Amino acid sequence: MLVEGPVELVTDDGVTHTSDRFVVAVCACRRSKRYPFCDTSHRRRVRSDDSPESQDDSR
């Protein structure tokens, strides 16, 4: 989620995080190593055997 800055965020544990950037990407998936700010960790996905590429289409 993009938020116009500057931004001050307070997480569930009471810690305050600030950013003075013009636009801030806030993490919604909780995978970010920079949480509560997004680091695009949500883009890295592990493919399972259920993926369409791994299925045999020869029926």
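What you are looking at is a predicted structure, and each value in this text was computed from that prediction instead of being measured. (Residues numbered from 1 in each chain as written. Predicted model: local features only at pLDDT ≥ 70, side-chain atom pairs only at ≥ 80, totals over all residues. Heavy atoms only, no water.)

## Things to note about the overall build of the chain
Here comes step 1: A count of helices and strands for the chain gives zero helices and four strands.
Here comes step 2: Among the 59 residues that make up the chain, the fraction classed as buried is 19%.
Here comes step 3: When contacts within the chain are restricted to residue pairs at least 6 apart in sequence, those whose partners lie at least 24 apart make up 10%.
Here comes step 4: Surface exposure of the chain reaches about 5400 Å², of which carbon and sulfur atoms provide 47%. (Helix = DSSP H or I, 4+ residues; strand = E, 2+ residues; numbered from the N terminus. Buried < 20%, exposed > 50% of the residue type's maximum accessible area, 1.4 Å probe, protein only. Contact = heavy atoms within 4.5 Å. Areas by Shrake-Rupley, 256 points an atom, 1.4 Å probe, with all protein chains shown as cover.)

## Details of the environment of Met1
Here comes step 1: On the secondary structure map, Met1 appears in the segment before strand 1 (2-4).
Here comes step 2: The exposure class of Met1 is exposed, given its relative accessible area of 66%.
Here comes step 3: Met1 sits 26 residues away from Cys27 along the chain, and the two C-alpha atoms are 6.8 Å apart.
Here comes step 4: Once you skip the residues sitting within four places of it in the chain, Met1 turns out to touch Val24, Ala25 and Val26.

## So, a nonpolar patch on the surface
Here comes step 1: A surface patch of nonpolar side chains, about 400 Å² in accessible area, is lined by Leu2, Phe22 and Val23.
Here comes step 2: With respect to the helices and strands, Phe22 occurs in the loop between strand 3 (16-19) and strand 4 (23-25).
Here comes step 3: Judged by relative accessible area, which is 75%, Phe22 ranks as exposed. (Patch = residues over 30% accessible without salt bridge, like charges linked within 9 Å, V, L, I, M, F, W, Y side chains within 5 Å. Salt bridge = Lys/Arg side-chain N within 4 Å of Asp/Glu carboxyl O.)

## Focus on the state of the cysteines
Here comes step 1: Within this structure, the stated rule accounts for zero disulfides.
Here comes step 2: Its sulfur unpaired, Cys29 is 3.9 Å from the next cysteine sulfur, which belongs to Cys27.
Here comes step 3: By relative accessible area, Cys29 is classed as partly exposed at 33%. (Disulfide = S-S within 2.5 Å.)

Honestly, that's just the spatial picture; any functional story needs more than this.
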